[in-house]
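# Structural description and commentary
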Amino acid sequence: MEKVIILGTGVAGCTAAIYTARANLSPLLISGPEDGGQLTLTTEVENFPGFPEGVEGTELVNRCKKQAERFGAKFKTDIVTKFQEIDDGFELTLVSGEKLQCHSLIVATGASARWLGLESEEKYKGRGVSTCATCDGAFYKNKEVVVIGGGDSAMEEALFLTKFATKVTVVHRRDTLRASKIMQERATNHEKISFIWDSEISEVVGDKFVTGVKLKNLKTNEITDFKCDGVFLAIGHIPNTKPFIGKLELDEQGYLKADRFMHTNIPGVFAAGDVHDTKYRQAITAAGMGCQAAIEVERYLTHKGIE
Ligand code: NAP
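Predicted, not measured: the structure shown is a model, and the values here were computed from it. (Residues numbered from 1 in each chain as written. Predicted model: local features only at pLDDT ≥ 70, side-chain atom pairs only at ≥ 80, totals over all residues. Heavy atoms only, no water.)

So, on to the overall build of the protein. Counting its secondary structure elements, the protein contains seven helices and 19 strands. Computed over the C-alpha atoms, the radius of gyration of the protein is 21 Å, within 12% of the 19 Å expected from 2.2 N^0.38 for a compact globule of 307 residues. Expressed along its principal axes, the backbone C-alpha trace of the protein runs to roughly 65 × 40 × 30 Å. Looking at the protein as a whole, 48% of its 307 residues are labelled buried. Counted over contacts in the protein with a minimum sequence separation of 6, partners at least 24 positions apart contribute 58%. If you sum the accessible surface of the protein, you get close to 15,400 Å²; carbon and sulfur atoms cover 48% of it. Computed over 37 positive and 42 negative side-chain charges, the separation of the two mean positions in the protein equals 1 Å. (Helix = DSSP H or I, 4+ residues; strand = E, 2+ residues; numbered from the N terminus. Rg over C-alpha atoms; globule rule 2.2 N^0.38 Å. Buried < 20%, exposed > 50% of the residue type's maximum accessible area, 1.4 Å probe, protein only. Contact = heavy atoms within 4.5 Å. Areas by Shrake-Rupley, 256 points an atom, 1.4 Å probe, with all protein chains shown as cover. Lys, Arg positive; Asp, Glu negative; His and termini not counted. Charge placed at Lys NZ, Arg CZ, Asp CG, Glu CD.)

The next subject is helix 2 (residues 57-70). Taking 1.5 Å per residue as the helical rise, helix 2 with its 14 residues ought to reach 20 Å, and the 20 Å between its terminal C-alpha atoms agrees with that figure. Three or more residues of helix 2 are buried, namely Gly57, Leu60, Val61, Cys64, Lys65 and Ala68. Axial view of helix 2: buried residues confined to an arc of 135°, hence all on one face. The exposed residues of helix 2 that point more than 90 degrees off its buried face are Lys66 and Arg70. Tucked inside the fold, the buried residues of helix 2 contact helix 1 (11-22), strand 3 (44-45), strand 4 (55-56) and strand 5 (74-76). (Expected span 1.5 Å × (residues − 1). Arc of directions from axis to C-beta.)

Right, let's get into the nonpolar core. Membership of the largest hydrophobic core comes to 35 residues, with the highest contact counts inside it found for Ile6, Val11, Leu39, Phe48, Ile106, Ala272 and Val297. No other element matches helix 7 (residues 283-303), which puts nine residues into this core. If sequence neighbours within four positions are ignored, Val297 has contacts with Val4, Thr20, Leu25, Ser104, Ile106 and Phe270. Judged by nonpolar contacts, the second largest core, of 22 residues, contains Ala133, Val147, Leu161 and Ala165. (Core = buried A, V, L, I, M, F, W, Y, C linked by side-chain atoms within 4.5 Å.)

With that settled, consider the state of the cysteines. Such a bond, covalent and formed between the sulfur atoms of two cysteines, is termed a disulfide. Summed over the entire model, instances satisfying the criterion amount to one disulfide. The residue that forms a disulfide with Cys132 is Cys135, at a sulfur-sulfur distance of 2.0 Å. Here the disulfide of Cys132 and Cys135 is right-handed, its torsion about the S-S bond being about 75°. Of all cysteine sulfurs, the one in Cys64 lies closest to Cys14, which takes part in no disulfide; the gap is 5.7 Å. The exposure class of Cys14 is buried, given its relative accessible area of 0%. This cysteine, Cys228, is not joined by any disulfide, and Cys132 carries the nearest cysteine sulfur, 18 Å off. When its relative accessible area of 3% is taken as the criterion, Cys228 is described as buried. (Disulfide = S-S within 2.5 Å.)

With respect to spatial proximity, 19 residues lie near the ligand, and among them Asp152, Ser153, Arg173, Arg174 and Arg178 are the closest. Side-chain polar atom of Asn47 to an oxygen atom of the ligand: 3.2 Å apart, as the coordinates give it. Residue Tyr280 places a main-chain N or O atom 3.1 Å away from an oxygen atom belonging to the ligand. Counting residues per element, the shell around the ligand draws most heavily on helix 5 (residues 152-161), which supplies three residues. For the shell around the ligand, a count of residues per class yields four nonpolar, nine polar and six charged. Three or more residues apiece are contributed to the shell around the ligand by two domains, here domain 1 (2-113 + 237-303) and domain 2 (119-233). (Near = heavy atom within 4 Å. Polar contact = N/O pair within 3.5 Å; in protein donor to acceptor, adjacent residues only side chain to side chain. Nonpolar A, V, L, I, M, F, W, Y, C, P; charged D, E, K, R; others polar. Domains from an automatic or database assignment.)

Right, let's get into the domain arrangement of the protein. According to the domain assignment, the protein consists of domain 1 (2-113 + 237-303) and domain 2 (119-233). In this complex, domain 1 contributes seven residues to the contact, which on the side of domain 2 involves eight residues. Carbon and sulfur atoms supply 50% of the area buried between domain 1 and domain 2, which totals about 560 Å² over both sides. By the criterion of area lost to domain 2, the three top residues of domain 1 are Leu41, Thr43 and Glu46, representing 63% of everything that side buries. The interface formed by domain 1 and domain 2 holds one salt bridge in total. Arg186 serves as the salt-bridge partner of Glu46, at 3.1 Å between the closest nitrogen and oxygen. Linking domain 1 with domain 2 are two residue pairs in polar contact (both at pLDDT 80 or more). When grouped by side-chain class, the residues that make up the side of domain 1 that touches domain 2 number two nonpolar, three polar and two charged. (Buried area = accessible area lost by both parts, 1.4 Å probe. Salt bridge = Lys/Arg side-chain N within 4 Å of Asp/Glu carboxyl O.)

Structure (structure tokens):
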């Protein structure tokens, strides 16, 4: 039986791994479907302390992994489908069929991109509809794209896409942005970026690939056709808590509930990062929670006499 298993290899999971590994607990990390977490889907991270020139998201998370490995953390590529309590710990069933047991668990499974839920969006997934400009932006060289959303992610995606696209149009459902001031300024001042306010996409249209969208003005209900070659969604994230439904306490949006010491409702199970964070969702707060959860695991295991 493992002393501690950490679910997720994003910055929360990796920080928890650094701390638990340094405490000689030989943590085992399970990657989940998005190895490295959301940082691998972002461009430059400018606000992580210690990197005055900024750092690429993927590089930051790879450095965290290496740091954890240096102290003995083990990594496994697989996905947890089932969680259950057993005598003296927990059992996890993986997609591969393997079952793993552990005395303590840190859930740092993060959150994944939210989709609009349109049938036409589903049809054009990977054929013009994307949730990741970093991954797919280069396909839109000299093309025109729309970005949906008004938060920091939408501004970041829009700015990144200006490297390739000739025109980037941000479609937002309100007339004020949610994004931080600095990101708003960068986007609104960019000559390739324009905004369509109070509007949502009612349909993605195309033939083999996307050729446009139908936009609905939410104030007038008027529907207009808008030509574009790509649609990038940046409308927030959904916490990855599916295997824990009915087992661990979740809030009404599906986020894993935990107290301020990262304890969930089941002793021995701890939360860290975006799977729990409904408010800040920053790389640095995820790292902080990973650290907290790891220290709490150490105390929990010591208390149980597991060294
Ligand atoms: P977010 O802040 O929750 O913003 C989501 C945006 O999508 C909002 O503008 C929201 O509109 C819109 N939206 C949500 N559901 C929608 C729907 N069904 N249809 C149309 N629009 C919809 O999410 P985020 O931008 O991913 O950011 C998450 C967190 O990460 C934030 O704390 C952010 O600060 C942080 N972040 C920081 C950076 C950075 O510092 N550079 C970069 C990326 C993310 P409303 O505004 O009307 O609700």
